[in-house]
Amino acid sequence: MEKKEKLYEGKAKIIYATDNPEQVIAYYKDDATAFDAIKKATIKGKGELNNTIASFFFKLLNEKGIPTHFIKQLSNREMLIQKVEIIPVEVVVRNIAAGSIVRRLGIPEKTKFEPPLVEFYLKNDELHDPILCEQHIYAMNLATPEEVATMKELALKVNEILKEFMEKQGIILVDFKLEFGRKDGKVILADEISPDTCRFWDAKTGESLDKDRFRFDLGDLIEGYKKILEKIEKQEG
Ligand code: TMP
Ligand code: ASP
C-alpha cells in the first residue's frame, strides 16, 4: 500500500491517495477546533487516540453489519478507508439533551429523548453548519429521500450498538455526529467516530470524557480520551 498525494485537508484529518483508486488513507492530526474554529489548539497525542478509538468503533460496527468505509488501521495515526463521495449533511443522534439543543430550544440539560432524536445539519463552516429539515435537503439536492431514509436507519442502528457497548463500560453515550458517503450507488458510514464527534459521560461521576473538555475547558482532553480507550481495550481483551 503506497501513500500518495494529499487529496484533502480538513480540521482534524488529512486524506491521502493510495495506489488503489478506490481506497484512501485518513491521517488523524493533533489539531482541535471548536465553535467553527474560533477556538484552536494542537493537542499532542489526540490524533493517535482518535484513530485508534475510531478504528475500534468502525470494526465493531462492520462486524454488526453496518456498512462503513473502514478497511483497517494502518498505524497509530492512519487508517485505510474506502474512497467515498461525502454527503454534505451531518447526522446527529441525541439520547440526552446537551450542547446546542439546550442552547437553541431551552430544553433542560440531561432531558432523556425516547426515542432518540435524529437531526440533520448542513456541512458548511461558513454558514456555521445550520440545522436542516428534510425538505431543505431535497430543495438543495443534498441527498435523495432514499438516501435520507438510509442515513436515518443506519444512524439509529449505530446508536443502539454503541450505546449498549458503552453502557457496559460504564459510559453514557449522550449524542454523536455521523457523516455518510456514496460508494457504488450505496450509502455507507464514513468520516470518524471518536470523542471528537461523540459526547461520552462517565455513568458514575457524570464527568465529560469527550471534546467538551476542550470546548468548555473542563479538564485535560488527553486524560478523558485515554479513559475511553482504556475502557474499550479492556472489553476487547
Ligand atoms: P451539538 O450539541 O453541538 O450540536 O453537537 C452534537 C454532537 O455532534 C456532539 O456529540 C458533538 C458532535 N459535533 C461534531 O462532531 N462536530 C461539530 O462540528 C459539532 C457542532 C458537533
Ligand atoms: N468541529 C467544529 C469546529 O471546528 C466544532 C465542534 O466540534 O464543536 O469548529
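What you see is a predicted model; the values in this text were computed from it and never measured.

Turning to the environment of Y225, a few remarks are in order. If you trace the backbone, Y225 turns up in helix α6 (residues 221–236). Counting along the chain gives 24 residues from Y225 to W201, while the straight-line C-alpha distance between them is 11 Å. Not counting chain neighbours up to four residues away, the residues in contact with Y225 comprise K46, L49, N50, I53, P195, D196, L209, D210 and K211.

Attention now moves to helix α1 (residues 46–63). Here α1 is 18 residues long and its end C-alpha atoms lie 26 Å apart, about the 26 Å a rise of 1.5 Å per residue gives. Along α1, 13 of the 18 residues are buried, which leaves the element largely enclosed by surrounding structure. At the C-terminal side of α1, G65 shows a positive phi close to 90 degrees.

On to the sheet that holds strand β1 (residues 3–9), then. Reading across the sheet, the 5 strands line up as β1-β2-β3-β7-β6 and stay open at both edges, with antiparallel pairing between neighbours. Looking at strand neighbours, the two that pair on one side only are β1 and β6 (70–73), the edges of this open sheet. The average angle at which neighbouring strand axes cross in this sheet is 30 degrees, direction not considered. The strands touched by α1 are β3 (23–28), β6 and β7 (78–82); relative to β6, the strand with the most contacts, the crossing angle is about 135 degrees.

Okay, the nonpolar core next. Residues F57, F180, L189, I193 and F200 are the most contacted members of the largest nonpolar core, which totals 56 residues. With 9 residues, helix α4 (residues 145–168) is the largest single contributor of residues to this core. Residues in contact with F57, not counting those within four places in the same chain, are L162, F165, M166, I193, F200 and I232.

In this section: the site of ligand 1. Taken together, 14 residues sit near ligand 1, with R94, S100, D175, K177 and R199 positioned nearest. D175 has a polar side-chain atom sitting 2.6 Å from an oxygen atom of ligand 1. For ligand 1, an oxygen atom lies 3.5 Å from a polar atom in the backbone of T197. Only β9 (89–96), β12 (171–183) and β14 (198–202) provide two or more residues apiece to the shell around ligand 1. For the shell around ligand 1, the leading source of residues is β12, giving 3 residues. Residue composition of the shell around ligand 1, by class: 4 nonpolar, 3 polar and 7 charged.

Here the focus is the site of ligand 2. The full set of residues close to ligand 2 is K11, T33, A34, F35, D36, A37, K211 and R215. Contact with the protein chains covers 75% of the free accessible surface of ligand 2, which is 260 Å².

With that out of the way, let us pick up the pairing of strand β13 (residues 186–190). The buried fraction of β13 is high, at 4 of 5 residues. With 5 bridges joining them, β12 and β13 adopt antiparallel strand pairing. In the sheet register, G181 faces β13, and the bridge partner there is I188. Hairpin remark: β12 followed by β13, antiparallel, with 2 residues in the connecting loop; positive phi at D184, about 50 degrees.

So, about the pattern of salt bridges. Within the structure shown, the criterion is met by 31 salt bridges. We note a salt bridge from R77 to D30, for which the minimum N-O separation is 3.0 Å. One end of the pair, R77, is in the loop between β6 and β7; the other, D30, is in the loop between β3 and β4 (31–34), with 47 residues separating them in the sequence. What makes D30 buried here is its relative accessible area of 13%. For E63, the salt bridge identified is with K59, shortest N-O distance 3.6 Å. With E63 and K59 both in helix α1, this residue pair falls 4 residues apart, about one helical turn. For E63, a relative accessible area of 59% corresponds to the exposed category.

Scanning the model with the defined rule gives 5 aromatic pairs in all. On the numbers, 6.0 Å between centres and 15 degrees between planes, the contact of F58 with F70 is stacked. Residue F58 is found in helix α1, and its partner F70 is found in strand β6; the two are separated by 12 residues along the sequence. Accessibility assignment for this pair places F58 and F70 in one class, buried.

Parameters and conventions
Residues numbered from 1 in each chain as written. Chains lettered and ligands numbered in written order. Predicted model: local features only at pLDDT ≥ 70, side-chain atom pairs only at ≥ 80, totals over all residues. Heavy atoms only, no water. Helix = DSSP H or I, 4+ residues; strand = E, 2+ residues; numbered from the N terminus. Contact = heavy atoms within 4.5 Å. Expected span 1.5 Å × (residues − 1). Buried < 20%, exposed > 50% of the residue type's maximum accessible area, 1.4 Å probe, protein only. Pairing = 2+ DSSP bridges. Axes fitted to C-alpha atoms, helices over the stretch in contact; angles between N-to-C directions. Core = buried A, V, L, I, M, F, W, Y, C linked by side-chain atoms within 4.5 Å. Near = heavy atom within 4 Å. Polar contact = N/O pair within 3.5 Å; in protein donor to acceptor, adjacent residues only side chain to side chain. Nonpolar A, V, L, I, M, F, W, Y, C, P; charged D, E, K, R; others polar. Areas by Shrake-Rupley, 256 points an atom, 1.4 Å probe, with all protein chains shown as cover. Salt bridge = Lys/Arg side-chain N within 4 Å of Asp/Glu carboxyl O. Phe/Tyr/Trp six-rings, centres within 6.5 Å; stacked < 30°, edge-to-face > 60°.

Just geometry here; none of it tells us what the structure is for.
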